[in-house]
Amino acid sequence: MNEHPLTNAGRRLMNRRSFIEHAGTGLAGIALASLLSDQRLLAAVARSPIRPVIRPENPLAARPPHFAPKAKRVLVIFCSGACSQLESWDWKPELARMDGKPMPGAAENFLTFQGQNGNLVRPLYEFKPRGQSGKMISDLFPHLAGLADDLCFIHSMTAKSNTHGPAENQMSTGFTLDGFPSMGSWVSYALGSEADDLPAFVAIPDPRGVPQAGVNHWSNGFLPAVFQGAAFNVKKPIYNLATPAGISASDNAAARDVLKILNDRHLEKFPGDFELSARIASYELAAKMQLSVPEVSDLSRESADTLADYGADDPDPIRSGFAKNCILARRLLERDVRCVQLFNGAYAMGEGVGNWDGHRKLKEQYDIHAPILDRPAAALIRDLKQRGLMDDTLVVWTTEFGRMPTFQKGASGRDHNPQGFTVWMAGAGVKPGFSYGATDELGHKAVEDVSTIYDLHATILHLLGLDHERLSYYHNGIERRLTDVHGQVIKGILS
């Protein structure tokens, strides 16, 4: 009988010694992989993305989440300019004790974003225990402090940039660079809208203007344009919604009916023309908004008590303007707008003048800014809670980064600090009256349960029933995610 021809390599693989050798190293490899996996040192196996099923004729139609959500909608209150955690939420008695002393371990006149720093400076507002939880919150925000038992604090947030524009980009889009979709756009891409006559995502600029990163906060980036946020507030409603003079309501409706017939006929001839169908859907939504946006922006229907509670009757136009924006946010949320981004602070007025960028005269500026935010924002949360909306609404308060425990040399303010700051949440799915993570004893760096903006975004998406690792969009050869290739859900804050 002829032997089957074997190569020399084949003979070596087939002998008993080689078999036992390869079996041993194979088992060792399996054991090593198991150990690395247990210690979270093994690269995760990529899971296939879950593509939202987007109907071309109605791209904003409501879509199911990946799993049962805790929240149906999200409100993000964004304080532009980097509100100091040391004057607000992060109580550091050691910083008060070391007031006027050099920062331990730091070189004399050590440098940060704007240059040399001086000595440590105690918090500029007194901290007191609040609510049944006894949470220490400062007098900077007395009204929000009264809601301590409803708030869930993350004291260990970190950012990648110490520059406002890139840091604002990261907080709203996940990336420091321009050109990426905002979180609200990702949410509307994934879930669509349950509001038939309003946008899925609305951004409400501050009465004083827009943040430094501007439209990036509500941009659709590379996602289809239909998922871009609509930006308007009480002071500046959406332009060009009113019917032109001389056109009656009946004529306007008749024209839209004829246009719909023509569009439907065109779609029958070209059923795969998704750009046309998306544009038709946008025009149809705009037509509905001619009625819905003026109605939702009409605060004359609110009671005098409600207006007074928010401070919308304040004679100061900026205070009353922000208060009215807060009422608008509530009216949008109760009409099932999926994501509302409410901005406090703007850059048109210069450094620290109309925003929280307290480099030179921190207390003087914060004494002006805090009352603009505090009363209306607290009233908004109470109002949502009273109406039962907090049961399925997630509220997030954030800023782009924190501030240093030292004063800048020759100034009465604090420089930028992305190494540790505070974010808080309230409402659906998070623990009330709870604190997570910590900065060091001076409030400089996050040291306990250190969190990233990727983690924050992953957690927000999780509460909306979305797996951040599987929500992606194929762009330029890459499966893009809000969380890039990072992010872990912050499970410690989940209720």
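Predicted model, so just to flag it, every value in this text is computed and none were measured.

**Examining the nonpolar core**
Here's step 1: If you look at the biggest cluster of nonpolar residues, it comprises 107 residues, and the most contacted ones within it are L75, L144, L332, L373 and W424.
Here's step 2: Leave out the neighbours within four places in its chain, and L144 touches W89, L151, L373, D374, A377, A378, I381 and W424.
Here's step 3: If you look at the next biggest cluster of nonpolar residues, it comprises eight residues, including L86, L95, M103 and L442.

**Some thoughts on the packing of aromatic side chains**
Here's step 1: Inspection of every chain in the model, using the stated rule, returns 16 aromatic pairs.
Here's step 2: Taken together, a centroid distance of 5.8 Å and an interplanar angle of 45° make the contact between W89 and F153 tilted. Residue W89 is found in the loop between β1 (73-79) and α3 (93-97), and its partner F153 is found in strand β6 (residues 151-158); the two are separated by 64 residues along the sequence.
Here's step 3: Taking the relative accessible area as the measure of exposure, W89 reaches 1% and is therefore buried.
Here's step 4: Site record: aromatic cluster; members linked through ring pairs are W89, F141, F153, W356, Y366, W397 and W424.
Here's step 5: Over the face of the ring belonging to F153 we find K135, whose NZ or CZ atom lies 4.8 Å from the ring centre.

**Quick word on the sheet that holds strand β3 (residues 115-120)**
Here's step 1: Strand order in the open sheet made by the three strands is β2-β3-β12, with antiparallel pairing throughout. Looking at strand neighbours, the two that pair on one side only are β2 (111-112) and β12 (406-408), the edges of this open sheet.
Here's step 2: Sheet topology note: the β3/β12 ladder contains two bridges and is antiparallel. Residue pairing for β12: N117 is matched across the bridge by Q408.

**Focus on the environment of L299**
Here's step 1: By secondary structure assignment, the location of L299 is in the loop between α8 (274-296) and α9 (304-310).
Here's step 2: L299 sits in the buried class, given a relative accessible area of 11%.
Here's step 3: C-alpha separation for the pair L299 and A312, spaced 13 residues apart in sequence, amounts to 9.6 Å.
Here's step 4: Once you skip the residues sitting within four places of it in the chain, L299 turns out to touch V234, L307, K324, I327 and R331.

**Some thoughts on helix α10 (residues 317-334)**
Here's step 1: With 18 residues, α10 should cover 26 Å at 1.5 Å per step; its first-to-last C-alpha distance of 26 Å lies within 8% of that length.
Here's step 2: Where α10 begins, the side chain of D316 points an oxygen toward the backbone nitrogen of I318, at a separation of 2.8 Å.

**Some thoughts on the packing of helix α5 (residues 164-173) against helix α12 (residues 453-463)**
Here's step 1: Orientation of α5 relative to α12, taken along the N-to-C sense of each, is 25°, at an axis distance of 9 Å. As the angle between them shows, α5 and α12 are arranged roughly parallel. Facing Q170, M171 and T173 of α5, the residues of α12 in contact are I453, Y454, L456 and H457.
Here's step 2: For the contact of α5 with α12, the class distribution of residues is four nonpolar, three polar and no charged.

**Focus: the pairing of strand β10 (residues 393-399)**
Here's step 1: Most of β10 is tucked away, with seven of its seven residues classed as buried.
Here's step 2: Here β10 shows no split at all, with T393, V395, W397 and T399 on one side and L394, V396 and T398 on the other all buried.
Here's step 3: Examined bridge by bridge, β1 and β10 share seven bridges and lie parallel to one another. When the sheet's bridge partners are listed, C79 is paired in β10 with T399.
Here's step 4: Pairing between β10 and strand β14 (residues 421-427): four bridges, direction antiparallel.

What counts and how
- Residues numbered from 1 in each chain as written.
- Predicted model: local features only at pLDDT ≥ 70, side-chain atom pairs only at ≥ 80, totals over all residues.
- Heavy atoms only, no water.
- Core = buried A, V, L, I, M, F, W, Y, C linked by side-chain atoms within 4.5 Å.
- Buried < 20%, exposed > 50% of the residue type's maximum accessible area, 1.4 Å probe, protein only.
- Contact = heavy atoms within 4.5 Å.
- Phe/Tyr/Trp six-rings, centres within 6.5 Å; stacked < 30°, edge-to-face > 60°.
- Helix = DSSP H or I, 4+ residues; strand = E, 2+ residues; numbered from the N terminus.
- Lys NZ or Arg CZ within 6 Å of the ring centre and 35° of its normal.
- Pairing = 2+ DSSP bridges.
- Expected span 1.5 Å × (residues − 1).
- Polar contact = N/O pair within 3.5 Å; in protein donor to acceptor, adjacent residues only side chain to side chain.
- Axes fitted to C-alpha atoms, helices over the stretch in contact; angles between N-to-C directions.
- Parallel < 35°, antiparallel > 145°, perpendicular 65-115°, else oblique.
- Nonpolar A, V, L, I, M, F, W, Y, C, P; charged D, E, K, R; others polar.

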